[in-house]
Amino acid sequence: GAGVSQSPSNKVTEKGKDVELRCDPISGHTALYWYRQSLGQGLEFLIYFQGNSAPDKSGLPSDRFSAERTGGSVSTLTIQRTQQEDSAVYLCASSLGRGRPYEQYFGPGTRLTVT
Amino acid sequence: AQRVTQPEKLLSVFKGAPVELKCNYSYSGSPELFWYVQYSRQRLQLLLRHISRESIKGFTADLNKGETSFHLKKPFAQEEDSAMYYCALSENFGNEKLTFGTGTRLTIIP
């Protein structure tokens, strides 16, 4: 079956603009995660969804970042008033869900460049 | 808070030589430990997890709670092992978010 998909694959935006990044998880996966991969920073956790709820938003770096998930499926990560330090690869992952620490399946990522 | 440390950013090993990628963690509870791998132009994927106690592509990793380590080992390196390797930790049964190390880029020299 299809894996995790993300769109767009690349996004170049001007400083101060808003961007939306989309993630389509594997069908049936109730858990969804967003991570950010920056040069020199490795992979950092942003937010975790269980169904449509986000019990852990602790990794969101500022209030310019928000995310939502609808229908227990698609998720959108929104960055408002983008800054150059937001430039990174944003990865989405999904897994079977709570209580089962199974592997997370990662999408290909969205490379965001803020100019 | 949990933390994962991979002390080597870069590691070069000759083909056929043994490989060891180091990983140390700090966590007050009983964690789940994983190794993820990212080959060139491919997405991040699970290599192995400590609860499975299995060998994948010749790699093994043993959780040493006394030393809080989860080093990845392979007795004979192959060229196709060249990749970026990430050690990751997950809290056991709860929020399964992964805390990653900064990664080690492994290069196998032919």
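See the structure printed just above.
Residues numbered from 1 in each chain as written. Chains lettered and ligands numbered in written order. Predicted model: local features only at pLDDT ≥ 70, side-chain atom pairs only at ≥ 80, totals over all residues. Heavy atoms only, no water.

Student: An account of the overall build of chain A is needed here, citing residue identities and associated values.
Tutor: Each helix and strand in chain A was counted, giving 0 helices and 11 strands. Listed N to C, the secondary structure of chain A is β-β-β-β-β-β-β-β-β-β-β in terms of helices and strands. For 115 residues, the compact-globule estimate of 2.2 N^0.38 gives 13 Å, and chain A sits close to it at 13 Å. Viewed in the frame of its principal axes, chain A has a C-alpha envelope of about 40 × 30 × 25 Å. (Helix = DSSP H or I, 4+ residues; strand = E, 2+ residues; numbered from the N terminus. Rg over C-alpha atoms; globule rule 2.2 N^0.38 Å.)

Student: Any chance you could break down the state of the cysteines for me, citing the residues and the numbers?
Tutor: Residue and element names in this part refer to chain A. A full pass over the atoms with the stated rule returns 2 disulfides over all chains. One disulfide in the model links Cys 23 with Cys 92; its S-S distance is 1.8 Å. On the sign convention where negative means left-handed, the S-S torsion of about -65 degrees between Cys 23 and Cys 92 marks this disulfide as left-handed. With Cys 23 in strand β3 (residues 19-24) and Cys 92 in strand β9 (residues 88-95), this residue pair connects regions lying 69 residues apart in the sequence. Comparing Cys 23 with Cys 92, the two get one shared label, buried. (Disulfide = S-S within 2.5 Å. Buried < 20%, exposed > 50% of the residue type's maximum accessible area, 1.4 Å probe, protein only.)

Student: Break down the layout of surface pockets for me, citing the residues and quoting the values.
Tutor: Quantified by volume, the largest pocket comes out at close to 870 Å³. For the largest pocket, the lining is made up of 35 residues, of which Gln 37 and Leu 39 of chain A together with Gln 38, Tyr 86 and Arg 105 of chain B are closest to its centre. Here the element with the most residues in the lining of the largest pocket is strand β11 (residues 110-114) of chain A; it accounts for 4 residues. Considered class by class, the residues forming the lining of the largest pocket number 12 nonpolar, 18 polar and 5 charged. Put simply, the second largest pocket is a space of about 340 Å³. (1 Å grid on protein atoms, 1.4 Å probe; cavity = no way out; pocket = protein on both sides within 12 Å on 5 of 7 lines; lining within 4 Å. Points joined across faces, edges and corners; volume = space filled by probe spheres on them. Nonpolar A, V, L, I, M, F, W, Y, C, P; charged D, E, K, R; others polar.)

Student: I'd love a proper account of the packing of aromatic side chains, names of residues and values included.
Tutor: We describe a pair of aromatic rings using the distance from one ring centre to the other and the angle between the two ring planes. One pass over the structure, following the stated rule, counts 11 aromatic pairs over all chains. With a centroid separation of 6.3 Å and an interplanar angle of 25 degrees, the aromatic rings of Tyr 33 of chain A and Tyr 35 of chain A are classed as stacked. Relative to Tyr 36 of chain B, the ring of Phe 34 of chain B has its centre 6.2 Å away and its plane inclined at 45 degrees; by these criteria the two rings are tilted. Neither Phe 34 of chain B nor Tyr 36 of chain B differs from the other in exposure class; each is buried. (Phe/Tyr/Trp six-rings, centres within 6.5 Å; stacked < 30°, edge-to-face > 60°.)

Student: Any chance you could break down the pairing of strand β6 (residues 45-49) of chain B for me, citing the residues and the numbers?
Tutor: Residue and element names in this part refer to chain B. With respect to burial, β6 is a largely interior element, 4 of its 5 residues being buried. Pairing of strand β5 (residues 32-38) with β6, which is carried by 4 bridges, proceeds in the antiparallel orientation. By the bridge assignment, Trp 35 is partnered in β6 with Leu 48. (Pairing = 2+ DSSP bridges.)

Student: Describe in detail the nonpolar core, supporting the description with residues and values.
Tutor: Trp 35, Leu 72 and Tyr 85 of chain B are the most contacted members of the largest nonpolar core, which has 24 residues in total. The greatest single-element share of this core, amounting to 4 residues, is contributed by strand β9 (residues 83-90) of chain B. (Core = buried A, V, L, I, M, F, W, Y, C linked by side-chain atoms within 4.5 Å.)

Student: Account for the sheet that holds strand β3 (residues 19-21) of chain B, naming residues and giving values.
Tutor: By definition, the strands of a sheet pair up through backbone hydrogen bonds, in either a parallel or an antiparallel sense. All names here are of chain B. Across the sheet, 3 strands lie side by side as β3-β8-β7; this open sheet has antiparallel pairing. Strands at the two margins of the open sheet, each flanked by one partner only, are β3 and β7 (60-61). Relative to strand β8 (residues 72-74), β7 runs antiparallel, the two being bridged by 2 bridges. For Ala 61, the partnering residue across the bridge sits in β8 and is Leu 72.

Student: Please provide a residue-by-residue account of unusual backbone geometry, values included.
Tutor: All names here are of chain A. With an omega dihedral of -10 degrees, the bond running from Ser 7 to Pro 8 counts as a cis peptide bond. Note that Pro 8 resides in the loop between β1 (5-7) and β2 (10-13). Positive phi outside glycine occurs at Arg 81, with the angle close to 45 degrees. Counting through the fold element by element, Arg 81 comes out in the loop between β8 (75-79) and β9.

Student: How would you explain the environment of Gly 16 of chain A if you had to name every residue and give the values?
Tutor: Residue and element names in this part refer to chain A. By secondary structure assignment, the location of Gly 16 is in the loop between β2 and β3. Residues Gly 16 and Ile 79 lie 63 residues apart in sequence; the distance between their C-alpha atoms is 9.8 Å. With residues up to four places along the chain from it excluded, the contact list for Gly 16 reads Arg 81 and Thr 82. (Contact = heavy atoms within 4.5 Å.)

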